Amino acid sequence: MDTVTRPRILVVGAGFAGVECVRRLERKLAPDEADVTLVTPFAYQLYLPLLPQVASGVLTPQSIALSLRRSRKYRTRIIPGGAIGVDLKSKVCVIRTITDKIVNERYDYIVLAPGSVTRTFDIPGLTEHAFGMKTLAEAAYIRDHVISQLDLADASDDPAERAARLQFVVVGGGYAGTETAACLQRLTHAAVQRYPRLDPGLIKWHLIDIAPKLMPELGDKLGRSAQEILKRRGIEVSLGVSIAKASPEEVTFTDGRVVPTHTLIWTAGVVASPLIATLGAETVKGRLAVTSELCLPGHDGVFALGDSAAVPDLAKGDGAVCPPTAQHAMRQGKKVADNVMAALRGQSLQRYEHKDLGLVVDLGGKDAVSKPLGVELRGLPAQVVARGYHWSALRTNVAKTRVMTNWLLNAVAGDDFVRTGFQARKPARLKDFEYTDSYLTPEEVRERVEGRTAGSL
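Residues numbered from 1 in each chain as written. Predicted model: local features only at pLDDT ≥ 70, side-chain atom pairs only at ≥ 80, totals over all residues. Heavy atoms only, no water.

The name recorded for the chain in an unreviewed UniProt entry is NADH dehydrogenase, from Streptomyces bungoensis. Of the comments in the UniProt record for the chain, the one headed Sequence similarities (unreviewed entry) reads "Belongs to the NADH dehydrogenase family." (UniProt positions renumbered as here; feature names shortened; annotations may be inferred.)

Okay, here's the thing in structure tokens:
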């Protein structure tokens, strides 16, 4: 007898795009209409925009990690691992599980939403000595590290060591870098009050970026407002500058300055996941070139969205592509789910179009700059909009309750400046978290698929 199997839908990535796609597929698909599988190293969706607040201790890590297994109705099969290659011809995705076992997963429809990784350059010492701000573990580690610098400076009788441990460098004048510098500066400013042996004037934060403007997407006025807020707090902002090299105890800027420091945080942009390079398909600045229906041209059943896809921005036109933001990723996730179901049912696909709702930048406390629907806001009104947007975008009521509770508790009681000791004696730099050397080449993917006929999950 012939066994009739349901179509297999494979979703790669549990970010904003991937989770929204899976949630919609579960709501709209009949149980016997298709099998849905999600590939992700962690069974949670990370609310990335609030990561700097985890690093500064305003929020607990679990408050922005939204469990994918909380719902009893959840029927998607989760493979705990990461996709390291895709063979479009054979319709096979190669996956490395969290135990380093490599398996082949066959699919009929695949949704590629692997997100992005930190963009790095060939700068001596960068990946060995810089911290990233892309994962929950990195944010938790950076908090411990920053507080430990205060502890070590307080315990030291060497003025040079004290000065080095109390200088901090953040590279990247975009949202991640600016919010990270702003939030962590507030942490050190509050914490140093508990260290009577330390001179608060020794704490110095540097925010540098090779671009001529801070957060140019905000416009000149709001960008200058954000820069003025940072300078008022004592953060030294240097534009048109990057780093030339890094070592464990100092960083050399491209303008020749040498800053003694034990803390270099690198947030200078992102690039599409290396998974995209394994496809051998056309890309636009590293992002997979797709149609306005979120399809990969010439390949039936292949969809891509989010940070790793160059989705045409129909609202802007003129060949623009959608920026890698959460508001686009969430809406693309819903649209791609609709189009997967349409393809499954033999219906026509719909184009993705969304007009940007604006931008919000939370600088901690009462400081913020926001541009909702083109309206420029500063100070407390901007902060209300920023936190209101983030709070409403959280997917579950549990997450909303945790975040709101954390905000209120921090506003009333402040921080305890406690180190968890998380991986205190293990390396935790850029090269240790994103595993960018784990991906296969297109040739290795083909060899892997052709050489293995059994053992798939």
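Once that is clear, we can look at the packing of helix α1 (residues 16-28) against helix α8 (residues 326-344). Packing of α1 against α8 brings their axes to within 7 Å, and their N-to-C directions diverge by 35°. In the packing of α1 onto α8, the handedness of the crossing is right-handed. On the side of α1, the interface is formed by Phe-16, Ala-17, Glu-20, Cys-21, Arg-24, Leu-25 and Lys-28, while α8 contributes Ala-326, Ala-329, Met-330, Gly-333, Lys-334, Val-336, Ala-337, Asp-338, Val-340 and Met-341. When its residues are assigned to classes, the contact of α1 with α8 shows eleven nonpolar, one polar and five charged. (Axes fitted to C-alpha atoms, helices over the stretch in contact; angles between N-to-C directions. Helix = DSSP H or I, 4+ residues; strand = E, 2+ residues; numbered from the N terminus. Left-handed = near helix turned anticlockwise from the far one by under 90°. Contact = heavy atoms within 4.5 Å. Nonpolar A, V, L, I, M, F, W, Y, C, P; charged D, E, K, R; others polar.)

Okay, the nonpolar core next. Nonpolar side chains tend to gather and get buried jointly when the protein is soluble and globular. Membership of the largest hydrophobic core comes to 113 residues, with the highest contact counts inside it found for Leu-25, Ile-64, Val-86, Ile-110 and Leu-112. Domain assignment of the residues forming this core places at least three in each of domain 1 (8-119 + 271-356 + 435-450) and domain 2 (120-268). Here Ile-110 is in contact with Leu-10, Val-12, Val-86, Cys-93, Gly-301, Val-302 and Phe-303, once residues within four sequence places are set aside. (Core = buried A, V, L, I, M, F, W, Y, C linked by side-chain atoms within 4.5 Å. Buried < 20%, exposed > 50% of the residue type's maximum accessible area, 1.4 Å probe, protein only. Domains from an automatic or database assignment.)

Across the chain, pLDDT averages 91, with 96% of residues at or above 70. The least confident element of the chain, judged by mean pLDDT, is helix α11 (residues 442-450) at 88; the most confident is strand β8 (residues 109-112) at 98. Note that pLDDT drops below 50 for residues 453-457; the model gives that stretch seven contacts with residues more than four away or on any other chain. (pLDDT = per-residue confidence, 0-100.)

Right, let's get into the pattern of salt bridges. With the rule as written, the count across this model stands at 20 salt bridges. With a shortest N-O distance of 3.4 Å, Arg-8 and Asp-108 are connected by a salt bridge. Here the residue Arg-8 occupies a position in strand β1 (residues 8-12), and Asp-108 occupies one in the loop between β7 (102-106) and β8, the gap between them amounting to 100 residues. Among the residues examined, Asp-108 registers a relative accessible area of 25% and is labelled partly exposed. Note that Glu-376 is salt-bridged to Arg-378, the shortest N-O span being 3.6 Å. The class of Arg-378 is partly exposed, set by a relative accessible area of 37%. By sharing partners, the salt bridges in this structure join Asp-87, Arg-446 and Glu-450 into a single network. (Salt bridge = Lys/Arg side-chain N within 4 Å of Asp/Glu carboxyl O.)

Here we take up the sheet that holds β1. Ordered by their spatial adjacency, seven strands build an open sheet running β7-β6-β5-β2-β1-β8-β20, and the pairing between neighbours is mixed. The open sheet has two edge strands with one neighbour each: β7 and β20 (302-304). Here the average twist between neighbouring strands, direction ignored, is 35°. Of the strand pairs in this sheet, β1 and strand β2 (residues 35-40) are connected by five bridges, and their pairing is parallel. (Pairing = 2+ DSSP bridges.)

Attention shifts here to the packing of aromatic side chains. Evaluation of the coordinates by the stated rule reveals five aromatic pairs. With a centroid separation of 4.5 Å and 15° between ring planes, the pair formed by Phe-168 and Trp-205 is classed as stacked. Of this pair, Phe-168 sits in strand β10 (residues 167-171) while Trp-205 sits in strand β11 (residues 204-209); the two residues are 37 residues apart in sequence, bridging distant segments of the chain. Here Trp-205 falls in the buried class, since its relative accessible area comes to 2%. The positively charged end of Lys-400 is found above the aromatic ring belonging to Trp-391, 5.1 Å away from the centroid. (Phe/Tyr/Trp six-rings, centres within 6.5 Å; stacked < 30°, edge-to-face > 60°. Lys NZ or Arg CZ within 6 Å of the ring centre and 35° of its normal.)

Right, let's talk about the sheet that holds strand β13 (residues 243-247) for a bit. Judged by pairing direction, the sheet is antiparallel, and its three strands sit side by side in the order β13-β14-β15 without closing on themselves. Bordering the open sheet on either side are β13 and β15 (258-260), each of which pairs with just one other strand. When the angles between neighbouring strand axes are averaged without regard to direction, this sheet yields 15°. Bridge count between strand β14 (residues 250-253) and β15: three bridges; the pairing is antiparallel.

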